[in-house]
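What the coordinates show
What follows is each chain in one-letter form.
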Amino acid sequence: MASPGGQGSGALSTRGGVARRMKWALELSLGNTRGRGDRQSNQGDVMYPIGYSDKPVPDTSIQETDKNLVEKRCWDVALGPLKQIPMNLFIMYMSGNTISIFPIMMVCMMAWRPIQALMSMSATFKLLENSNQQWLQGLVYSVGNLLGSALAIYKCQSMGLLPTHSSDWLAFIEPPQRVEIMGGGMVL
Amino acid sequence: MAKLVPLLAVFFYLVCVSEAVFEDQVGKFDWRRQYVGKVLFASFDSPSQSSKKLFVATDKNIFASLNSRTGDLFWRHVDKMGPEGAVDTLLVNAQDGRLLRSWDTNVGGLNWEVVLDTGSFQAACFVGIQDTVKHVAVLKKTAISLHYLSNGHQKWVENLPDSDTVKYQAVYSGGGEEVFVLGMVPHSHLTITVYSLEDGEIIRQVTGPQLSADSGRRLLDTTVIFPLDANGGKPQKLYVHAFLKKDDSVGYRVLVQTEDHALTFIQQPGRVVWTREEALADVVTMEMVDLPLTGTQAELEGEFGKKADGLLPMVMKRLSSQVILLQAWMAHLWKLFYEARKPRSQIKNEVTIETLSRDEFNLQKMMVMVTASGKLFGIDSKSGTILWKHYLENVQPNAAFKLIVQRTTAHFPHPPQCTLLIKDKDTGLATLHVFNPIFGRKSQISLPALPRPILQSLLLPVIDQDYAKCLLLVDDQYKVTAFPSTKNVMQQLQEMASSIFFYLVDSEQGTLSGFRLRKDLSSELIWEVVLPTEVQKIVAVKGKRPSEHVHSQGRVMGDRSVLYKYLNPNLLAVVTESTDTHPERAFVGMFLVDGVTGRIIHEAVQRKARGPIHFVHSENWVVYEYWNTKSRRNEFSVLELFEGTELYNSTVFSSLDRPHLPQVLQQSYIFPSPITTMEATLTEKGITSRHLLVGLPSGAILSLPKMFLDPRRPEVVNEHSREENLIPYAPEMPIRTEWFINYNQTISRLKGIYTAPSGLESTCLVVAYGLDIYQTRVYPSKQFDVLKDDYDYVLISSVLFALFFATMISKRLAEVKLLNRAWR
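Residues numbered from 1 in each chain as written. Chains lettered and ligands numbered in written order. Predicted model: local features only at pLDDT ≥ 70, side-chain atom pairs only at ≥ 80, totals over all residues. Heavy atoms only, no water.

Basically, it comes down to this: UniProt positions are given in the numbering used here, feature names are shortened, and annotations may be inferred rather than shown by experiment.
As annotated in an unreviewed UniProt entry, chain B carries the name ER membrane protein complex subunit 1 and is attributed to Esox lucius. The UniProt entry for chain B carries the following comment under Sequence similarities (unreviewed entry): "Belongs to the EMC1 family." Under the Subcellular location (unreviewed entry) heading, UniProt states for chain B: "Endoplasmic reticulum membrane".

As annotated in an unreviewed UniProt entry, chain A carries the name ER membrane protein complex subunit 4 and comes from Esox lucius. Under the UniProt heading Subcellular location (unreviewed entry), the note attached to chain A is "Endoplasmic reticulum membrane".

1. Describing the packing of helix α2 (residues 67–95) of chain A against helix α3 (residues 101–119) of chain A
All names here are of chain A. What counts, and what does not: Convention adopted: a line fitted to C-alpha atoms gives each axis, helices being fitted over their contacting stretch, and angles between N-to-C directions are expressed from 0 to 180 degrees. Helix and strand labels come from DSSP, where a helix needs a run of H or I of at least four residues and a strand needs a run of E of at least two; each type is numbered from the N terminus. Angle categories: roughly parallel below 35 degrees, roughly antiparallel above 145, roughly perpendicular from 65 to 115, and oblique for all the rest. By definition, turning the near helix anticlockwise from the far helix through less than a right angle yields a left-handed crossing, and turning it clockwise yields a right-handed one. We call two residues in contact when some of their heavy atoms are within 4.5 Å.
Orientation of α2 relative to α3, taken along the N-to-C sense of each, is 160°, at an axis distance of 9 Å. Taken together, the axes of α2 and α3 are roughly antiparallel relative to one another. Pair α2 / α3 crosses with left-handed handedness. Contact with α2, carried on its side by Gln84, Asn88, Ile91, Met92 and Ser95, involves Phe102, Pro103, Met106, Met110 and Arg113 of α3 and no other residues of that element.

2. Considerations on the UniProt feature "domain: ER membrane protein complex subunit 1 C-terminal" (unreviewed entry) in chain B
UniProt marks residues 618–823 of chain B with the feature "domain: ER membrane protein complex subunit 1 C-terminal" (unreviewed entry), using the numbering shown here. Within residues 618–823 of chain B, the helical portion is 17% and the strand portion 31%, while the C-alpha atoms at the span's ends are 79 Å from each other.

3. Notes on the sheet that holds strand β50 (residues 764–769) of chain B
All names here are of chain B. For clarity, the cut-off: When DSSP finds two or more bridges between two strands, those strands count as paired.
One open sheet accounts for 4 strands, arranged β1-β51-β50-β49; its pairing is antiparallel. The open sheet has two edge strands, β1 (31–33) and β49 (752–757), and neither has a second partner. For this sheet, the mean angle separating the axes of adjacent strands, direction not counted, is 15°. Sheet topology note: the β50/strand β51 (residues 773–778) ladder contains 6 bridges and is antiparallel. Across the sheet, residue cysteine 764 finds its bridge partner in β51, namely valine 778.

4. Description of the pairing of strand β3 (residues 53–58) of chain B
Residues and elements named next belong to chain B. Applied cut-off: Throughout, exposure labels follow a simple rule: accessible area from a 1.4 Å probe, protein chains only, divided by the maximum for the residue type, with under 20% read as buried, over 50% as exposed, and the rest as partly exposed.
Most of β3 is tucked away: 6 of the 6 residues are buried. Alternating positions in β3 separate into two faces, Lys53, Phe55 and Ala57 on one and Leu54, Val56 and Thr58 on the other, with burial throughout. Pairing analysis gives 5 bridges linking strand β2 (residues 39–44) to β3, with the strands arranged antiparallel. By the bridge assignment for β3, valine 39 is matched with threonine 58. As defined by bridge partners, β3 adjoins strand β4 (residues 62–67) across 5 bridges and the pair is classed as antiparallel. By the bridge assignment for β4, lysine 53 is matched with asparagine 67. Connecting β3 to the antiparallel partner β4 that follows it, the hairpin turn spans 3 residues, and asparagine 61 within it adopts a positive phi of roughly 60°.

5. Quick look at the sheet that holds strand β2 (residues 181–186) of chain A
Strand order in the open sheet formed by 4 strands is β2(A)-β32(B)-β33(B)-β34(B), and the pairing between neighbours is mixed. Edge positions in the open sheet fall to β2 of chain A together with β34 (523–530) of chain B, since each of these has one partner strand only. Within this sheet the neighbouring strands show an average axis-to-axis angle of 20°, counted without direction. Pairing of strand β33 (residues 511–517) of chain B with β34(B), which is carried by 7 bridges, proceeds in the antiparallel orientation. Bridge assignment links Arg516(B) to a residue of β34(B), and that residue is Glu524(B).

6. Describing the UniProt feature "transmembrane region" (unreviewed entry) in chain A
UniProt tags residues 90–115 of chain A as "transmembrane region" (unreviewed entry). Each end of residues 90–115 of chain A is marked by a C-alpha atom, and these two atoms are 20 Å apart; helix forms 81% of the span and strand 0%.

7. Concerning the side chain of Ser95(A)
All names here are of chain A. We count it as follows: Whenever two N or O atoms come within 3.5 Å, that pair is a polar contact, provided that in protein one can donate a hydrogen and the other can accept it, and provided that, for residues adjacent in sequence, both atoms are side-chain atoms.
One can find serine 95 in helix α2. Residue classification places serine 95 among the buried positions, given a relative accessible area of 10%. Reaching out from serine 95, the side chain makes a polar contact with the backbone oxygen of methionine 92 at a distance of 3.1 Å. If we ignore the near neighbours within four places in the chain, the residues touching serine 95 are Phe102, Pro103 and Lys155.

8. A short note on the confidence of the model for chain B
Residues and elements named next belong to chain B. Here is the rule: Scored from 0 to 100, pLDDT reflects the predictor's confidence in each residue.
The predicted model of chain B has a mean per-residue pLDDT of 82, with 79% of residues at 70 or higher. Between the elements of chain B, mean pLDDT differs from a low of 48, seen in strand β7 (residues 94–95), to a high of 96, seen in helix α6 (residues 793–822). Across residues 13–19, where pLDDT falls below 50, the model places 3 contacts with residues more than four positions away in sequence or in other chains. Below a pLDDT of 50 lies the segment residues 212–220, which in the model reaches 1 contact outside its immediate sequence neighbourhood of four places, other chains included.

9. Some words on the interface of chain A and chain B
Rule in force here: The quantity reported as buried area is the accessible area (1.4 Å probe) lost by two parts once they are put together, taken as the sum for both. Whenever a carboxyl oxygen of Asp or Glu lies within 4 Å of a side-chain nitrogen of Lys or Arg, that contact is scored as a salt bridge. Under the convention adopted here, Pro, Cys and the residues Ala, Val, Leu, Ile, Met, Phe, Trp and Tyr are nonpolar, Asp, Glu, Lys and Arg are charged, and Gly plus all remaining residues are polar.
Counting residues at the interface gives 23 residues for chain A and 45 residues for chain B. Buried area between chain A and chain B, both sides added, is near 3,000 Å², and the carbon and sulfur share of it is 61%. Among the residues chain A hides against chain B, the three largest losses belong to Glu180(A), Ile181(A) and Leu188(A). Together they make up 27% of the total. At the surface where chain A touches chain B, the tally comes to 1 salt bridge. Across the pair Arg560(B) and Asp168(A) runs a salt bridge whose closest N-O atoms are separated by 3.0 Å. Counting across the chain A and chain B interface gives 21 residue pairs in polar contact (both at pLDDT 80 or more). Among the elements of the structure, β1 (177–178) and β2 of chain A are those that each provide at least two residues to the side of chain A that touches chain B. Per-element tally for the side of chain A that touches chain B: the top contributor is β2(A), with 6 residues. Taken together, the residues that form the side of chain A that touches chain B break down as 11 nonpolar, 8 polar and 4 charged.

10. Thoughts on α3(A)
The test is simple: An expected span of 1.5 Å times one less than the residue number is assigned to each helix.
In this model α3(A) runs 27 Å from its N-terminal to its C-terminal C-alpha over 19 residues, within 8% of the 27 Å that 1.5 Å per residue would give. Buried positions along α3(A) lie against α2, α4 (121–127) and α5 (134–159) of chain A.

11. Topic: the packing of α2(A) against α5(A)
Residue and element names in this part refer to chain A. In the contact formed by α2 and α5, the axes pass within 9 Å of each other and the chain directions differ by 10°. Classified by the angle between their axes, α2 and α5 sit roughly parallel to one another. Looking at side-chain class alone, the contact of α2 with α5 contains 16 nonpolar, 6 polar and 2 charged residues.

12. As for the pattern of salt bridges
When their charged atoms lie close together, side chains carrying opposite charge are able to pair. Here the structure, examined in full by the defined rule, presents 22 salt bridges over all chains. Sharing partners across several salt bridges, the network here consists of Glu548(B), Lys565(B), Glu619(B) and Arg690(B).

13. A closer look at helix α3 (residues 311–341) of chain B
Helix length check: α3(B) (31 residues) gives 46 Å between terminal C-alpha atoms against 45 Å at 1.5 Å per residue, within 8%. Within α3(B), the full set of buried residues consists of Lys317(B), Ser321(B) and Ile324(B).

14. Observations regarding the side chain of Ser758(B)
Tracing the backbone shows Ser758(B) in the loop between β49 and β50. There is a polar contact of 3.1 Å between the side chain of Ser758(B) and the backbone oxygen of Thr763(B).

15. Considering unusual backbone geometry
All names here are of chain B. Here the residue pair phenylalanine 483 and proline 484 is connected by a cis peptide bond, since its omega of 0° sits within 30 degrees of zero. By the secondary structure assignment, proline 484 is in the loop between β31 (480–483) and α4 (487–496). Its identity as a non-glycine residue notwithstanding, arginine 749 has a phi of 50°, on the positive side. Judged by its relative accessible area of 22%, arginine 749 is partly exposed.

16. Brief notes about the packing of aromatic side chains
The way to describe two aromatic rings as a pair is by their centre distance and the angle between their planes. Residues and elements named next belong to chain B. The following threshold applies: Pairing of aromatic rings covers Phe, Tyr and Trp, the last counted by its six-membered ring, and requires centre-to-centre distances within 6.5 Å; plane angles under 30 degrees mean stacked, over 60 mean edge-to-face, and any other angle means tilted. Geometrically, a lysine NZ or arginine CZ counts as sitting over a ring once it is within 6 Å of the ring centre and also within 35 degrees of the ring normal.
Evaluation of the coordinates by the stated rule reveals 18 aromatic pairs over all chains. Where phenylalanine 502 meets phenylalanine 515, the ring centres are 5.3 Å apart and the plane angle is 15°; that geometry is what we call stacked. Placement of the pair is phenylalanine 502 in strand β32 (residues 500–506) and phenylalanine 515 in strand β33, with a sequence separation of 13 residues. What makes phenylalanine 502 buried here is its relative accessible area of 1%. Taking 5.0 Å as the distance between ring centres and 75° as the angle between the ring planes, the aromatic pair formed by tyrosine 791 and tyrosine 793 counts as edge-to-face. Ring pairing ties together the aromatic residues Phe55, Phe63 and Trp75, which thus form one cluster. Positioned above the aromatic ring of tyrosine 754 is the side chain of arginine 545, whose terminal nitrogen or guanidinium carbon lies 5.5 Å from the ring centre. For the cation-ring pair, arginine 607 lies above phenylalanine 587, with the distance from its terminal atom to the ring centre recorded as 5.6 Å.

Following this line, the structure appears as structure tokens:
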């Protein structure tokens, strides 16, 4: 946009050398930047077109009060974790039962995310506050997260990380005390 | 030492074959001492002053050459044990009257060997003609033979006249052409028969009345006074070597053999040049005792041993102990600095009793050895130097010894105490010798009177006020004497008398009997197991070592369940051999008997097997080795006992409350060589895997991992057994030479191996004794708890510092660059 203005004011300057503002001409760039344009790359105070604003304008429009859309959005939030579960199942299946870095990373991620979500329940409730089924949706959300963590625990169990068998508690068994004292041997 | 050079040559050859020990570690953690035994004959090398060699022949059928300057061995020949190898006289070394051998004196090589006709040997002598010795005459009971000295061939053999009435005793050659034989008819007359050198014809015979024994010219009449070791015995035999010195006076050197089998070499003015303790060739039993703590260590132990009494006092205690440690460290630094300034020669690096104290990892211990001659030795386990000796008078030749450690060095103000029970086999009476194992001095403690013969002894964990364990002595009326018998101990004994049991095994009658103690210290018989002596004879009974600690109570299976071990501390392994030794009918019996109830937990009979049986009983397993007469090979068999998948009672073990018998798993393997002795390694906490130290007759000790002797080894491998790391079953047990723990230091006639735990969990101290004594350290699971020997502290710390500084510098440089860029 600088070029027509530049031509316009170029036409101006050839006329009189003095940049006089014409009454009805629109200057889209300031004249004093022409000479310095090549020295500074984009320091030009480019004039924006009419109606363009640099800063984002806050949306001061009235909130959508369509009940259906609100409900739909809240349900989306509530069912989010449940939708993650099939994907997690697939990831689990792919990573296998050996203990190496990739499965451990996947399991940790799968375990941590529901726990983090459960810990920030209050933020979620704030998101859901506009619907009138918010308690039900909250419940569904937490159930979904619990199912996610149960899935992570099941994965740990199938990798053999949980101390469910007696061999895991073997190290804590103390040797039994002797009740009788015994000695002797072959007759010397 | 002259023996070092050929040894080194052999070692460098072997070092490319075996990888068990690094070259620079040879001799660092292990040592070997070689002995010859009680000297029967000795002779000096040459009749001049400068002779360096001394030849001895001993009662252990050994012929050796000693360096007369230092007492070290030049070479040694170990012959067969038993009467075939016995040495009769030492001139040129005839043996048993059957073999005549000539040895080269420098190297110990055999020049020739001649088999003589059998006949009881009487005497032998060199026969010379005018200064040259060319023949050897050997006198037997009925014949005399003359042999050439160069090759041993017989020149002539003649029967002695009237050899059934006349006892011929000596043969002599005067340098002429004749050989004189002296014979004696008891209580009647002497005869001298003269044989001609050429062909053995009898030249003349002279008889005469019996002369009184008094002859010989005495050339030298001196008395020698020399210092005798106060802890040694009286002199028994003297071997005098007299020679003419340069200034024409007579000089002498004397080799004294004392009652305690020690050899002392004395030079002219009564000066002792060297001493050899040959009693150590016959070690009966030994124990290893921890060294005492230093003053600071003892204080620290004392401080932290007491009960905690609050937060602030504990903090103050900690601070004060740190101050003490700091002081000790600065004193140590100062001493190091001071010693480094002194010239090298003045720094003495000897080990003396006064400077002994426990080192950081408790790897240096005091070995207390009891020998068959009745002499006690205290030997430092790190260097092998003898620190103290003590000779017990009046010990009969076939006495039985039992060495018990009653108090260790862990209880600081009280000195450690060891008790030696010496039982005379003929009279059955026993004596106790109580001594301090660190200094060897006899303890001033009142001993109980033992009027009756003693059958056995047992050590109780009942502790006196001064921390000494109580020793019970059982006499032949089955009454018990307690030692020490203070009031405190007697009170404790009376309280726990009903839970003290002991067993006695009589192998002549084939009975095992179990007794229980009553409050008045008499005992009642509660069980008896009789194994009839017509069929089998009880050979050995072994319980478990009381200091053994089992780390895990079960084995983890492949499906993550647990198979619990049957850990019965009262279990005895009884081994019997059949009286019928025919290869088809011989058998070996193994009985596992509970010592408290007498219940036979398991019995196994190995048919067509024969002893000598060597076995080890430890934890929940028994490993035994026998000779299979049908397949004519040596076999190993292992028995393991398991309780099952559930523990009956996990808190308390009582033999009286065990209704279920354990499951027994057994497997056998073929071993390529006979063995002389066997022992298992032992560590403090039992975490390290166990190895069996097997002594082979070639003089090597094999460290066999117990993993190979596992009855669960599968024949068909499946996934579970791979989980458990079980080696698939193969009937042959390989001997891998890298498992030998004594690289080229063979030990002749190995009799026993003793293992002791050290302060480090990975290390076990091993002492093997027989004719030689060898000490080393064994690492069954490699050294998992120490940094390696040649850890490169310098390199790692310098790299660390360099990287640290590089990081700091580059961080600073990066900051500077960023700042400069921001200012452009």
